[in-house]
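Per-entry structural report
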Amino acid sequence: IFIKIQIMTATLLRSSRSIILITLIAFTIFVGGTFMLHLVPVTTKDKIADGLLADFLVTFPVLFYFIIVRPLRMPLKSLFIVVTACCAIAYLLLPQHQREYILQIRKLSSVAELAFIIYAIPKFNKIRAAYKRHQFHFPDPVFNLRSAMADVMGESLPVKIIASEMAVLRYGLLFWKKEKSVSKEYPSFSTHKESGYVAVWCILLVAVLVEVVAFHLLLMRWSNTAATIVTVLTLYGLIFLVADLSAIIKRKVLVNDDQIVLRTGLRWRVCTGLSNISSVEKIRNDYHSADNYFKGAAIKSSGNLLIKFKEPVMVDKLYGSGKEFDSILMCIDDFDGF
């Protein structure tokens, strides 16, 4: 067991270092290169743009292969996604002359992408079948989609990220859609009213919108392209913000005959047996303890329910790996009913 733990720890460290390294390289190439392109004289701008085009479409994908794909044993098809993303970024950032090259490259790569789509179609059908199996046992679209994709495509970081992004888009863009309810005989408890999260969310939304407009106008003085990119990224952040509130309202704590599902929106989830609960305590003030506990309220400081377990439970987060905790501090609206 000790050897297995050492191997898992070493693998996790290598993965973290690889991800940090490729992130730094991406920041240097895409952000640093764009700044340099706008700072150089007009006479040399075309040569710099040609060099950046090569970095975007050749250097970064090659480095991604040797730093991420090969060491972490990721499927080679992930490289197609990276190349496509690089083409899109290059088309947005580079001058018109280099965009003609990108369009030609996209025509050449269309055959490979078509082959990939044909390969992926059977996978979609398998994922859908696996998803229906998981939904039959418990209707949780977020984690059931992740489990279905893991069943078909294997447990990997890219699979988890894609499933998480799809969950964010589902709750962010389809926030008006009702959550599929479980059986009415299962009690459910909301987690957002006591903490006042809706009011805090509204204040945060107004602040973000004001800052986006101001920052966009400021960036337009330097570069219209940079202003557009930052605004698009911020709009995606707004989708994430909407998804967070939508999921917190819809995804309630559930209790059935022998199981309990604890969760706060998309942020985290725990499934455990009722027999594993050691104690339930109402918290009236800010709670602090040296014990291994997880802060799971929508607003970290607003927890009013402390649940201790006989055996540690796995807290599965939307992004990142799960971790075991002995107790959970969260917020529940109807404490007496719970």
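This text goes with the structure placed above it.
Read on for an overview of the structure. Here the residue numbers are simple positions, counted from 1 along each chain's written sequence. Totals for whole chains, interfaces and linings use every residue, but because this is a predicted model, local features are given only for residues with pLDDT of at least 70 and side-chain atom pairs only at 80 or more, for both listing and counting. Only hydrogens and water are set aside when side-chain values are computed; all heavy atoms of the structure are taken into account.

Describing empty space enclosed by the protein
Cavity: a set of points on a 1 Å grid over the protein atoms alone where a 1.4 Å probe fits but cannot get out. Pocket: an open set with protein on both sides within 12 Å along at least five of seven lines, its lining residues, like those of a cavity, having an atom within 4 Å of a point. Grid points are joined across faces, edges and corners, and a volume is the space filled by probe spheres set on the points. All told, the structure shown has two cavities of 30 Å³ or more when counted by the stated rule. Its volume calculated, the largest cavity comes out at about 40 Å³. As for the largest cavity, its lining consists of Arg170, Tyr171, Leu174, Lys177, Lys178, Glu179 and Lys250. In the lining of the largest cavity, the residues fall into two nonpolar, no polar and five charged. Lys, Arg, Asp and Glu make up the charged group, whereas Ala, Val, Leu, Ile, Met, Phe, Trp, Tyr, Cys and Pro make up the nonpolar group; the residues left over, Gly among them, are polar.

Regarding the nonpolar core
The criterion is simple. A nonpolar core is a set of buried Ala, Val, Leu, Ile, Met, Phe, Trp, Tyr and Cys residues joined through side-chain atoms within 4.5 Å. Relative accessibility under 20% of the residue-type maximum defines a buried residue, over 50% an exposed one, and the middle range a partly exposed one, all with a 1.4 Å probe and only protein chains included. Formed by 22 residues in total, the largest nonpolar core has its most connected members in Phe56, Phe60 and Phe64. Each helix is a run of DSSP H or I of at least 4 residues and each strand a run of E of at least 2, with the numbering of both proceeding from the N terminus. Listing elements by their share of this core, those giving two or more residues are helix H1 (2-39), helix H2 (42-69) and helix H3 (77-93). Among the elements that make up this core, the one with the highest residue count is H2 (nine residues). Note on definitions: a residue-residue contact is assigned when non-hydrogen atoms from the two residues lie within 4.5 Å. With residues near it in sequence (within four places) discarded, Phe56 still touches Ile29, Phe30, Pro61, Cys86, Ala90, Leu93 and Leu94. Val255, Leu262, Ile328 and Met330 belong to the second-largest nonpolar core, a separate cluster that totals 19 residues.

With respect to a nonpolar patch on the surface
Any residue with relative accessible area above 30% and no salt bridge may belong to a patch, with like charges joined within 9 Å and the nonpolar Val, Leu, Ile, Met, Phe, Trp and Tyr side chains within 5 Å. Values of accessible area rely on a 1.4 Å probe in the Shrake-Rupley scheme; residue burial ignores everything except the protein chains shown. Criterion for a salt bridge: a side-chain nitrogen of Lys or Arg within 4 Å of a carboxyl oxygen of Asp or Glu. Taken together, the side chains of Leu169, Leu173, Leu174, Phe175, Trp176 and Tyr236 make up a nonpolar region of the molecular surface, amounting to roughly 590 Å² of accessible area. Within the secondary structure, Trp176 is located in the loop between helix H6 (157-173) and strand E1 (188-189). Taking the relative accessible area as the measure of exposure, Trp176 reaches 60% and is therefore exposed.

Brief notes about the pattern of salt bridges
Applying the stated rule across the entire model yields two salt bridges. Put simply, Asp316 and Arg146 hold a salt bridge, and the shortest N to O gap is 3.0 Å. Within this pair, whereas Asp316 is found in strand E7 (residues 305-317), its partner Arg146 is found in helix H5 (residues 141-153), the two being separated by 170 residues in sequence. For Asp244, the salt bridge identified is with Arg267, shortest N-O distance 2.8 Å. Of this pair, Asp244 sits in helix H8 (residues 224-250) while Arg267 sits in the loop between strand E3 (259-264) and strand E4 (268-273); the two residues are 23 residues apart in sequence, bridging distant segments of the chain. When its relative accessible area of 27% is taken as the criterion, Arg267 is described as partly exposed.

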